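Overview (structure and organization)
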Amino acid sequence: GARGGSCHNTHGSDAPGMLRGSEVHPPFADGSWEGCHRRPRGTKLRLSIEGAQLCFACHSDLEAEFGQGSVHTPVAGGRCVECHQPHMATERTLLRALAPALYFPCHRAVEELVKGDRAHATPAASCETSHEPHRNPEPFQLTDSLPGL
């Protein structure tokens, strides 16, 4: 699919499945695919559970936390894989990219604002300086209330 090049070294690799990265999801590293996938039908593996419920099977501590406050839209929709690779990645916590590159595909208007002449003084620091990536009690997942931020 469209994301194949971001997951796999298309011309060769020593990694299993020619996957990219050094950050490995423990179940993948252990070869315990049965926790996430059902028995294959033909050559295609199928997920055992869809969406965030698959992630919460192991990360149950996050389920209650992610249901409170201002929740990031992909988190609220159970779309963990929009930001996190399921098997292996080059970035910490299996992120698909680092901020701000991770966020700008969904937040185009914000990208234009922070690149503009009227941007606030520290847009390059990191989106996480001002926003929690998953959820926070403050609106827009802000790390502090306004005007304190």
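Owing to the predicted nature of the structure, the values given are computational and were not obtained by experimental measurement.

**With respect to the overall build of the protein**
Along the protein, the regular secondary structure elements total 7 helices and 6 strands. Helices and strands in the protein line up, N terminus first, as α-β-α-β-β-α-α-β-α-β-α-α-β. Considering the protein as a whole, with its 149 residues, one finds that 19% of them fall into the buried category. In the protein, 44% of the contacts between residues at least 6 apart in sequence involve partners at least 24 apart.

**Topic: the pairing of strand β2 (residues 37–41)**
Where β2 and strand β3 (residues 44–47) come together, 3 bridges link them in antiparallel fashion. Among the inter-strand pairings, arginine 38 is bridged to a residue of β3, identified as arginine 46. Joining the antiparallel neighbours β2 and β3 is a turn of 2 residues, in which glycine 42 adopts a positive phi near 75°.

**Section: the confidence of the model for the protein**
Of all residues in the protein, 81% attain a pLDDT of 70 or more, and the chain-wide mean is 81. Segment residues 1–5 is flagged for pLDDT under 50; beyond a separation of four residues in sequence, or across chains, it makes 5 contacts in the model.

**Examining the pattern of salt bridges**
Taken as a whole, this structure holds 3 salt bridges when the rule is applied. With a shortest N-O distance of 2.8 Å, glutamate 111 and lysine 115 are connected by a salt bridge. Placement of the pair is glutamate 111 and lysine 115 together in helix α6 (residues 108–115), with a separation of 4 residues, close to one helical turn. For lysine 115, a relative accessible area of 58% gives the class exposed.

**A word on the side chain of arginine 135**
With respect to the helices, strands and loops of the structure, arginine 135 is situated in strand β6 (residues 135–136). The side chain of arginine 135 sits in the buried core without any salt bridge; glutamate 65 is the nearest counter-charge, 4.5 Å away. Reaching out from arginine 135, the side chain makes a polar contact with the backbone oxygen of glutamine 68 at a distance of 2.8 Å. If we skip the residues at most four places from it in the chain, arginine 135 touches Glu65, Phe66, Gln68, Gly69, Ser70, Val71 and Gln141.

**Here's the deal with the environment of arginine 79**
Position of arginine 79 relative to the elements: it lies in the loop between α5 (73–76) and β5 (88–89). Taking the relative accessible area as the measure of exposure, arginine 79 reaches 33% and is therefore partly exposed. Sequence separation between arginine 79 and cysteine 55 is 24 residues; the distance between their C-alpha atoms is 9.8 Å. With residues up to four places along the chain from it excluded, the contact list for arginine 79 reads Thr73 and Pro74.

Scoring rules and cut-offs
Residues numbered from 1 in each chain as written. Predicted model: local features only at pLDDT ≥ 70, side-chain atom pairs only at ≥ 80, totals over all residues. Heavy atoms only, no water. Helix = DSSP H or I, 4+ residues; strand = E, 2+ residues; numbered from the N terminus. Buried < 20%, exposed > 50% of the residue type's maximum accessible area, 1.4 Å probe, protein only. Contact = heavy atoms within 4.5 Å. Pairing = 2+ DSSP bridges. pLDDT = per-residue confidence, 0-100. Salt bridge = Lys/Arg side-chain N within 4 Å of Asp/Glu carboxyl O. Lys, Arg positive; Asp, Glu negative; His and termini not counted. Polar contact = N/O pair within 3.5 Å; in protein donor to acceptor, adjacent residues only side chain to side chain.

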